[in-house]
Amino acid sequence: MWLRDCWQAAAYSSEIEHALFPRRLLDEPVVFYRTSAGAVVALADRCAHRALPLSLGRLRGDDVQCGYHGMCFGADGQGRFVPGQDSLPNGAHVKTYPVVEKHKMVWIWMGDPARADESLVPDIHYFDDPGWAPVFGYHRIDADYRLLNDNLLDLSHESFVHVETIGNSYVADSPVVARIVDGTVRAHRFMQNCDPPPFYVRAAGFEEKIDRWHTTIYTPPGLCVIENGSMPAGADKSFARERRVINMMTPETATSTHYFWGTARSYDLDNAELDEYIRSQTHTTFDQDKVILEAQQRSLGPDPEYAFPVAIKVDSGPILGRRLLAAAIEAEQNASQLASV
Ligand code: FES
Ligand SMILES: [Fe+2]
């Protein structure tokens, strides 16, 4: 159920300092820290000796010393020394993971390090592009990351889950068109002559009827960029106020997910009050999703092979997304089997 040979969001750059920072990713314990030169390091968070999480130890310069018997490991994962003896035993090393910092995020490659190509880091330039004003957040969700992908590829739920912020009946009542384009799923909906939901009144300044759209662009395994905007009903797009919602879902375990999100707008860029409004409203909106997704996961149970026997029209995006993801995972597993023959 996981794609490994890809960059996945591991942390905000701001989270990683010269201190040990543990985070479980794809059910592997990882410890991050920043060296004194500023480079981000990711090591297996499990001592080679007796498996104590290294994150319970301490930094000695740019090395990590285990908090149990003091074995020391460098940023390259190699053992440095063992207190009380002159030699290192065989196997005195821990796994390292390729990491890259880009667009204010730390990205990790959980698969074959030989395939880690920095040019493949997802483009979320909205986080550091001067033409956009972003706000950021994080939710830990006790649900399979694929349920979040489904949720973001079918935004009809705004009409039922998010009526206090971004939703009203116009969303679910407008048809969605989903298709696969260049290795992504694009699920698009255009809503005409709608009442503006509360968020659209305050964040975009529209009190009368609006036309609005959203397009979720899903890239496996867990990136959904939602292009959205609104304008006075009947106006052309030059009158639109546009935002991008960047959603990065990285599995923690089979049934829990690190959900990194940001909302960027291309208007009213230097408005701190609007920043805070959008941040708090987005947080509230995703709090509502968290309730739904965690209840859905409890209802499904822990079996990752669950199936949904009933499909309705709004499932077209999630179905294509699942199909694309499954094909990518299968291709990766076939390639690694061939390589091992
Ligand atoms: S468990 Fe780490 S040094 Fe013993
Ligand atoms: Fe939602």
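Everything numeric in this text was worked out from a predicted model, so none of it was measured.

Thresholds applied
Residue indices follow the written sequence of each chain, beginning from 1 at its first position. Here every chain gets a letter starting at A, and every ligand a number starting at 1, in the order they are written. pLDDT decides what is reported in this predicted model: residues at 70 or higher carry local features, side-chain atom pairs at 80 or more are listed and counted, and totals for whole chains, interfaces and linings draw on all residues regardless. In computing side-chain properties, one takes all heavy atoms of the structure into account and sets aside hydrogens as well as water. Start and end positions for the domains come from either an automated domain assignment or a database one. Note on contacts: a residue pair is in contact if any heavy atoms of the two residues lie within 4.5 Å. Buried area adds together the accessible area that both of two parts lose upon being put together, with accessible area traced by a 1.4 Å probe. Salt bridge, as used here: a side-chain nitrogen of Lys or Arg that lies within 4 Å of a carboxyl oxygen of Asp or Glu. Helix and strand definitions follow DSSP, with helices as H or I runs of at least four residues and strands as E runs of at least two, each counted in order from the N terminus. A donor here means any N, O or S atom no more than 2.8 Å from the metal (3.2 Å for Na, K and Ca); water is not included, so a site may seem to lack partners. Key to geometry: four donors with every angle between 85 and 135 degrees are tetrahedral; four donors are square planar and six octahedral where opposite donors lie over 155 degrees apart and all remaining angles lie between 65 and 115; all other sites are irregular. To sort residues, take the accessible area from a 1.4 Å probe on protein chains only and compare it with the maximum for the residue type: under 20% means buried, over 50% means exposed, and anything in between is partly exposed. Note on pairing: two strands pair once DSSP finds at least 2 bridges between them. Comment: axis = line fitted to C-alpha atoms, over the contacting stretch for helices; angle = value between 0 and 180 degrees taken between N-to-C directions. Only Phe, Tyr and Trp rings take part, Trp by its six-membered ring, and two of them pair if their centres are within 6.5 Å. Stacked means planes under 30 degrees apart, edge-to-face means over 60, and tilted covers everything else.

Undergrad: What is the right way to read the domain arrangement of the protein from this model?
TA: Accessible area lost upon the coming together of the parts serves often as the stated size of an interface. The domains assigned to the protein are domain 1 (7-120) and domain 2 (125-330). Opposite the 15 residues of domain 1 that make contact, domain 2 presents 16 residues. Broken down residue by residue, the surface that domain 1 buries against domain 2 is led by Tyr-12, His-103 and Lys-104, which jointly contribute 40%. Linking domain 1 with domain 2 are zero salt bridges.

Undergrad: Mind showing me how you'd approach unusual backbone geometry here?
TA: Trans peptide bonds make up the majority, and among non-glycine residues the majority have a negative phi. With an omega of 0°, the peptide bond between Pro-220 and Pro-221 qualifies as cis. Within the secondary structure, Pro-221 sits in the loop between β14 (210-219) and β15 (223-232). Positive phi outside glycine occurs at Asp-27, with the angle close to 65°. Along the chain, Asp-27 falls in the loop between β2 (21-25) and β3 (28-34). Its identity as a non-glycine residue notwithstanding, Lys-104 has a phi of 70°, on the positive side. Assignment of secondary structure puts Lys-104 in the loop between β9 (99-102) and β10 (105-109).

Undergrad: Teacher, can you tell me more about the coordination of the iron ion (ligand 2) here?
TA: Geometry sets the ideal angles at a metal, namely 109.5 degrees for four tetrahedral donors and 90 or 180 degrees for six octahedral donors. Within the first shell, the iron ion (ligand 2) binds the protein through His-157 (NE2), His-162 (NE2), Asp-289 (OD) and Asp-289 (OD), at distances of 2.1 to 2.3 Å. Given four donor atoms and angles of 57 to 146° at the metal, the environment of the iron ion (ligand 2) is assigned as irregular. Counting residues between consecutive donors of the iron ion (ligand 2) along the chain gives the motif H-x4-H-x126-D. One end of the pair, His-162, is in the loop between α2 (158-161) and α3 (169-173); the other, Asp-289, is in helix α5 (residues 272-300), and 127 residues separate them in sequence. With relative accessibility at 1%, the residue His-162 sits in the buried group.

Undergrad: How should the sheet that holds β3 be read in this particular structure?
TA: The strands making up a sheet associate through backbone hydrogen bonding, with each pair oriented either parallel or antiparallel. Pairing within the open sheet is antiparallel, and its three strands lie in the order β2-β3-β4. Edge strands, defined here as strands with exactly one partner in the open sheet, are β2 and β4 (40-44). Here the average twist between neighbouring strands, direction ignored, is 30°. Where β2 lies against β3, five bridges are found, and the strand directions are antiparallel. By the bridge assignment, Arg-23 is partnered in β3 with Val-30.

Undergrad: What's the story with the packing of aromatic side chains in this structure? I'm lost.
TA: Note on aromatic pairs: each is described by the distance of the centres and the angle between the planes. The full count for this structure, using the stated rule, is 11 aromatic pairs. Both rings, one in Tyr-126 and one in Trp-132, keep their centres 5.0 Å apart while their planes meet at 85°; by these two values the pair is edge-to-face. For Tyr-126, a relative accessible area of 11% translates into the label buried. Exposure remark for Trp-132: the relative accessible area of 16% places this residue in the buried category. Centre to centre, the rings of Tyr-138 and Phe-260 are 5.3 Å apart; their planes meet at 55°, and the pair counts as tilted. Of the two residues, Tyr-138 is situated in strand β11 (residues 133-141) and Phe-260 in strand β17 (residues 256-265); the sequence distance between them amounts to 122 residues.

Undergrad: Help me out: how do you make sense of the pairing of β14 in this one?
TA: Two faces belong to every sheet, and in a regular strand the side chains alternate between them. Within β14, nine of the 10 residues are buried, which leaves it mostly tucked inside the rest of the structure. Strand direction decides the pairing type here: strand β13 (residues 184-194) and β14, joined by eight bridges, are antiparallel. Each bridged residue has a counterpart across the sheet, and for Cys-194 the counterpart in β14 is Ile-210. In terms of strand pairing, β14 meets β15 through 10 bridges, oriented antiparallel. Paired with Thr-216 across the two strands is Ile-226, which belongs to β15. Following β14, the chain reverses through three residues before pairing antiparallel with β15.

Undergrad: Would you take a moment to explain the sheet that holds β11 for this structure?
TA: The seven strands lie next to each other as β11-β17-β16-β15-β14-β13-β12, forming an open sheet whose pairing is antiparallel. In this open sheet, the two edge strands, each paired with only one partner strand, are β11 and β12 (176-181). Sheet twist, expressed as the average angle between the axes of neighbouring strands with direction ignored, equals 15°. Each of β11, β13, β14, β15, β16 (241-253) and β17 is contacted by helix α1 (residues 145-153), which is oriented at about 165° to β16, the strand it contacts most. In the packing of α5 onto the sheet, the strands contacted are β11, β16 and β17, and the crossing angle to β11 comes to about 25°.

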